[in-house]
Amino acid sequence: GQQVMQIPQYQHVQEGEDFTTYCNSSTTLSNIQWYKQRPGGHPVFLIQLVKSGEVKKQKRLTFQFGEAKKNSSLHITATQTTDVGTYFCAGGSYIPTFGRGTSLIVHP
Amino acid sequence: DAGVIQSPRHEVTEMGQEVTLRCKPISGHNSLFWYRQTMMRGLELLIYFNNNVPIDDSGMPEDRFSAKMPNASFSTLKIQPSEPRDSAVYFCASSLCTGFECEQYFGPGTRLTVT
């Protein structure tokens with residue numbers, strides 16, 4: 001079955017540093033979704049990318065979908081303590097397959 | 001809208017007991033998903049309903065697990081008998097899936113502990 005790999009598993013940063021998480025699939029994805037889960041919380045939808053090479057921004061967050069539609073990335077500029085949480089990508093067709101997530105720890 | 005509602009929020013039970021988790025999806029959504037989340041295995045899709053019909057239950061671990069969706073506003077996930085390895089957070093999510101758009105709204109989850 002389809003697998004979505006996400007790296008790194010954990011990332012420690014100092015507040016103000018940038019952060020990037022990567023998502024890779026062995027097969028072409030029709031779309032990619034990104035979710036954020038705060039500690040003790042539930043996943044919350046952030047964004048969906050559909051087009052090859054698509055780039056979308058939400059304030060300090062930049063999402064990219066690869067040209068081959070097999071990879072994606074989420075970049076956060078100048079992290080803040082409110083960015084703490086686990087970021088999941090979910091790719092696929094009708095039923096998204098979730099990656100294992102990247103846990104972001106921001107040190108003040 | 002109140003979002004996806006799950007109950008109970010916490011459940012502690014003894015091995016061998018029956019456990020029933022409940023979910024009320026967002027009104028108007030046509031798809032419902034049950035997930036299990038653990039540190040070891042991450043977020044696993046257990047079963048997916050579309051228009052109240054189970055479409056894919058390949059993620060259901062074994063026959064001890066069953067799920068129903070008797071109507072568009074209610075679903076249950078039952079574990080009978082429960083085992084300690086079933087301890088996890090169980091999420092229900094709903095979505096209005098159209099074409100390839102399937103943005104999921106998750107409920108707060110039920111934290112299940114089986115002793």
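To be clear, the structure that these remarks concern was listed above.
Parameters at a glance
Residues numbered from 1 in each chain as written. Chains lettered and ligands numbered in written order. Predicted model: local features only at pLDDT ≥ 70, side-chain atom pairs only at ≥ 80, totals over all residues. Heavy atoms only, no water. Pairing = 2+ DSSP bridges. Helix = DSSP H or I, 4+ residues; strand = E, 2+ residues; numbered from the N terminus. Axes fitted to C-alpha atoms, helices over the stretch in contact; angles between N-to-C directions. Contact = heavy atoms within 4.5 Å. Salt bridge = Lys/Arg side-chain N within 4 Å of Asp/Glu carboxyl O. Nonpolar A, V, L, I, M, F, W, Y, C, P; charged D, E, K, R; others polar. Disulfide = S-S within 2.5 Å. Buried < 20%, exposed > 50% of the residue type's maximum accessible area, 1.4 Å probe, protein only. Phe/Tyr/Trp six-rings, centres within 6.5 Å; stacked < 30°, edge-to-face > 60°.

Trainee: Go over the sheet that holds strand β6 (residues 55-58) of chain A, please, and point to the residues and values.
Mentor: Residues and elements named next belong to chain A. The strand order across the open sheet formed by five strands is β1-β3-β8-β7-β6, and the pairing between neighbours is antiparallel. Each having just a single partner strand, β1 (4-7) and β6 make up the two edges of the open sheet. Sheet twist, expressed as the mean angle between neighbouring strand axes with direction ignored, is 15°. Summarising the sheet, strand β3 (residues 19-25) and strand β8 (residues 71-76) pair through six bridges and their orientation is antiparallel. Of the residues in β8, the one forming a bridge with F19 is I76.

Trainee: Can you break down the interface of chain A and chain B residue by residue, with the values?
Mentor: Each side of the interface is counted separately: chain A has 19 residues, and chain B has 24 residues. Run the count over chain A and chain B and you get zero salt bridges. Those elements that place two or more of their residues in the side of chain A that touches chain B are β4 (31-37) and β5 (44-49) of chain A. Its residues assigned to classes, the side of chain A that touches chain B shows ten nonpolar, eight polar and one charged.

Trainee: If you had to explain the side chain of B:R36 to someone new, which residues and values would you point to?
Mentor: Mapped onto the elements of the fold, B:R36 is located in strand β4 (residues 31-38). Sequence-distant contacts of B:R36, defined by excluding residues within four places in its chain, comprise B:R41, B:G42, B:L43, B:E44, B:L46, B:P61, B:F65, B:D86, B:A88, B:V89 and B:Y90.

Trainee: Lay out the sheet that holds strand β7 (residues 65-71) of chain B in plain terms, naming residues and giving numbers.
Mentor: Through backbone hydrogen bonds, the strands of a sheet pair up, either in parallel or in antiparallel fashion. All names here are of chain B. Across the sheet, which stays open at both edges, the four strands sit in the order β1-β3-β8-β7 with antiparallel pairing between neighbours. Two strands lie at the open edges of the sheet, namely β1 (5-7) and β7, each paired on one side alone. The mean inter-strand angle of the sheet, taken between neighbouring strand axes irrespective of direction, is 15°. Relative to strand β8 (residues 74-79), strand β3 (residues 19-24) runs antiparallel, the two being bridged by five bridges. Within β8, the position partnered with R22 by the bridge is T76.

Trainee: Before we move on, can you summarise the state of the cysteines with the specific residues and values?
Mentor: Counted according to the given criterion, the structure contains two disulfides over all chains. One disulfide in the model links A:C23 with A:C89; its S-S distance is 2.0 Å. Between A:C23 and A:C89 the disulfide shows an S-S torsion of about 75°. By sign, it is right-handed. With A:C23 in strand β3 and A:C89 in strand β9 (residues 85-92), this pair connects stretches of sequence that are 66 residues apart. Side by side, A:C23 and A:C89 carry an identical accessibility label, which is buried. Disulfide pairing places B:C23 opposite B:C92 at an S-S distance of 1.9 Å. Since a negative S-S torsion denotes a left-handed disulfide, the B:C23-B:C92 link at about -65° is left-handed. Residue B:C23 is found in strand β3, and its partner B:C92 is found in strand β9 (residues 88-95); the two are separated by 69 residues along the sequence. Judged by relative accessible area, which is 1%, B:C23 ranks as buried.

Trainee: If you had to explain the packing of aromatic side chains to someone new, which residues and values would you point to?
Mentor: When we look at a pair of aromatic rings, we describe it by the centre distance and by the angle of the planes. In total, this model carries twelve aromatic pairs over all chains according to the counting rule given. A centroid spacing of 6.5 Å and a plane angle of 50° characterise the contact between A:W34 and A:F63, whose relative ring orientation is tilted. Highlighted residues: A:W34 in strand β4 and A:F63 in strand β7 (residues 61-65), separated in sequence by 29 residues. Each of the two residues, A:W34 as well as A:F63, counts as buried. Between B:F33 and B:Y48, the ring centres sit 4.9 Å apart and the planes meet at 15°, which makes this aromatic pair stacked. Separated by 15 residues along the polypeptide, B:F33 in strand β4 and B:Y48 in strand β5 (residues 42-50) bring together distant segments of the chain.

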